[in-house]
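Observations on the model geometry
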Amino acid sequence: MVRVTEPAKRLEAIKPSGIRRFFSLAAERPSCISLSVGEPDFCTPAHALEGGWRAVRDGKTHYAATNGVAELREALVQKACRDYGLNYDPNSEVLVTVGGTQAISIALMGLVNEGDEVLIPDPGFVAYEPCVLLAGGVPVHVPLREDNDFRPSIADVTSLITDKSRVMILNYPNNPTGSMLSYDEVAQLSKVAVERDLTVISDEVYEKIRYDGAKHYCLATFPGMQERTLVIGSFSKTYAMTGLRIGYVYGSKELISPLWLVHQYTVACVDTFSQYVALSALRGPQECVEEMLSEFDRRRHLVHKRLNEITAFKCQLPKGAFYAFPNIKSSGLSSEELAQVLLKEANVLTVPGSSFGACGEGYLRMSYAASYEDLEEAMNRIEKAMRNLA
Ligand SMILES: Cc1ncc(COP(=O)(O)O)c(C=O)c1O
């Protein structure tokens, strides 16, 4: 290869996301039902969009402040207080980001030194490992086991912490497993973080997507945690605005400052239009969130019931987010093989559990953020394909 076209060495360990790869395969197949991406199929609430249009009509089409539009930061600070009783300074303790994804990336870039170990959940969101590697860190996989409802065991976490451990990433409600943490579990994990002096990146982008009255416990509310936790949020899932790319991160001034620096020199600021949409989403009526949630709940029950009627699948009822994560081990196929079979024979796109880490092997992720009708049809097709396979 000629030197001018050679990628940087730091990319050697980075592989493209398994989700995107399967997504491209589906794009080539008409009438394929995609249960692959974590993207609500609802429209972005009209009142939120109107806030964006209004801002544009008023000429707000220029750079915003690096850390975000002041009114949005103020509204985010009020949200943290309303939802969790947490107080943050709008000028120095909140940063508006390009989705939760950029918040994760700049958090790792801003805090991790070469060789620092970062505990990441396995299976876990596909961006964690590459972002740790790009920051020069060493990902350390914390297994999330089905027999522990896909929650990290304290014994595993403590046994994986070394003198080099710097950051622990947690993500509840969880992608890809749909699991959640109880109060006691968050308390125990927080205690470990304090005792072992870890910074925690708590990815809470699914905070509002939970069922049966399950409560979400924000990590930063536990003793000794606010000063060591970066809480990451996003408008993508709660308000069905994945394409507007807007998220945020809360943390102490000491934790936010390094992120701010990386943010400044990578994106300068977040899209001004999107920030005003987000502001109107936060300030406006919240019934839209409740409506989406009750529809997700209906779909959750459908998918859970239908998957458990298939002999080769065993599926826990997800408690949060919008993913089913059935155990497919008795099919005798790897998750990659089964996802290929379902794509070819059922024309349904799922994601192999192995895309989320080695502990995801033996599972498939199916997003139920598709329409109820599509989900019914997808379940019919999968059932038939699995019957033929048997
Ligand atoms: C666990 C988790 N964190 C963060 C994100 C990032 O979302 P966004 O960048 O759209 O805010 C996602 C998206 O799927 C996710 O599943």
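Overview of the structure. (Residues numbered from 1 in each chain as written. Predicted model: local features only at pLDDT ≥ 70, side-chain atom pairs only at ≥ 80, totals over all residues. Heavy atoms only, no water.)

Observations concerning the site of the ligand
Around the ligand sit 15 residues, and of these G100, T101, D203, S234 and S236 come closest. The separation between a nitrogen atom of the ligand and a polar side-chain atom of D203 is 2.6 Å. Within the side chain of R245, one N or O atom sits 2.8 Å away from an oxygen atom of the ligand. Protein chains bury 93% of the 400 Å² of accessible surface belonging to the ligand in isolation. Along the lines of polarity and charge, the residues of the shell around the ligand split into five nonpolar, seven polar and three charged. (Near = heavy atom within 4 Å. Polar contact = N/O pair within 3.5 Å; in protein donor to acceptor, adjacent residues only side chain to side chain. Areas by Shrake-Rupley, 256 points an atom, 1.4 Å probe, with all protein chains shown as cover. Nonpolar A, V, L, I, M, F, W, Y, C, P; charged D, E, K, R; others polar.)

Notes on the nonpolar core
Of all hydrophobic cores here, the largest spans 68 residues; its most connected members are L35, L108, L230, F313, F322 and I382. I382 has contacts with I310, F313, L342, A346, V348 and M366, leaving out every residue within four places of it along the chain. The next biggest cluster of nonpolar side chains, apart from the first, holds 34 residues, and it includes V94, C218, A220 and L279. (Core = buried A, V, L, I, M, F, W, Y, C linked by side-chain atoms within 4.5 Å. Buried < 20%, exposed > 50% of the residue type's maximum accessible area, 1.4 Å probe, protein only. Contact = heavy atoms within 4.5 Å.)

Some words on the side chain of N347
Looking at where N347 falls in the secondary structure, it is placed in the loop between helix 11 (335-346) and strand 11 (348-349). Within the structure, N347 has its side chain in polar contact with the side chain of R29 (distance 2.9 Å). Excluding anything up to four places from it in sequence, N347 contacts R29, P30, S31, C32, I33, L342 and R381. (Helix = DSSP H or I, 4+ residues; strand = E, 2+ residues; numbered from the N terminus.)

Some remarks on the sheet that holds strand 10 (residues 323-324)
As summarised here, the arrangement of the three strands in space is 10-13-12, forming an open sheet in which the pairing is antiparallel. The open sheet terminates on both sides in strands that have one partner only, identified here as strand 10 and strand 12 (351-352). As paired strands, strand 10 and strand 13 (residues 364-367) are joined by two bridges and run antiparallel to one another. Note that in strand 13 the partner of A324 across the bridge is M366. (Pairing = 2+ DSSP bridges.)

Remarks on the pattern of salt bridges
Summed over all chains, the structure comprises 19 salt bridges. For R299, the salt bridge identified is with E295, shortest N-O distance 3.0 Å. On the criterion of helical spacing, the pair formed by R299 and E295 is a turn pair, its members being four residues apart in helix 10 (residues 287-308). Relative accessible area serves as the criterion here: at 2%, R299 is assigned to the buried category. What you see here is one network of salt bridges that share partners, running through D41, E295, R298 and R299. (Salt bridge = Lys/Arg side-chain N within 4 Å of Asp/Glu carboxyl O.)

Description of the packing of aromatic side chains
This structure, assessed with the given rule, holds 17 aromatic pairs. An angle of 80 degrees between the planes, with centres 5.4 Å apart, marks the rings of Y183 and Y217 as edge-to-face. Remark: Y217 occurs in the loop between strand 7 (199-203) and strand 8 (229-234) and Y183 occurs in helix 7 (residues 183-195); sequence separation between them is 34 residues. For Y183, a relative accessible area of 46% corresponds to the partly exposed category. Given a relative accessible area of 22%, Y217 falls into the partly exposed group. Three or more aromatic residues joined by ring pairs form one cluster here, namely F42, Y206, F296, F322 and Y323. Here the guanidinium or amino end of R298 rests over the ring plane of Y372, the centre of that ring lying 3.9 Å away. (Phe/Tyr/Trp six-rings, centres within 6.5 Å; stacked < 30°, edge-to-face > 60°. Lys NZ or Arg CZ within 6 Å of the ring centre and 35° of its normal.)

As for unusual backbone geometry
Here the amide bond leading from Y172 into P173 is cis, since omega sits at -15 degrees, within 30 degrees of zero. Mapped onto the elements, P173 comes out in the loop between strand 6 (165-171) and helix 7. Omega for the bond connecting N175 with P176 falls within 30 degrees of zero, at 15 degrees, which places this linkage in the cis form. With respect to the helices and strands, the residue P176 is situated in the loop between strand 6 and helix 7. In this structure, D149 is a non-glycine residue whose phi angle is positive, near 55 degrees. Inspection of the secondary structure puts D149 in the loop between strand 4 (138-145) and strand 5 (151-152). Its identity is not glycine, yet N347 carries a phi of approximately 55 degrees, on the positive side.

A closer look at the pairing of strand 6
Strand residues, when the strand is regular, have side chains that alternate between the two faces of the sheet. The buried fraction of strand 6 amounts to six of the seven residues, a majority that puts the element mostly inside the structure. Of the strand pairs in this sheet, strand 6 and strand 7 are connected by five bridges, and their pairing is parallel. What sits directly across from V167, in strand 7, is T199. In terms of handedness, the path from strand 6 via helix 7 over to strand 7 forms a crossover that is right-handed. (Right-handed = clockwise from strand over helix to strand, strands pointing away.)

So, the side chain of Q102
Along the chain, the position of Q102 falls in helix 4 (residues 99-111). You can call Q102 buried: its relative accessible area is 10%. Beyond its immediate stretch of four places on either side in the chain, Q102 contacts T97, H263, T266 and V267.

All we've got here are geometric facts, nothing functional implied.
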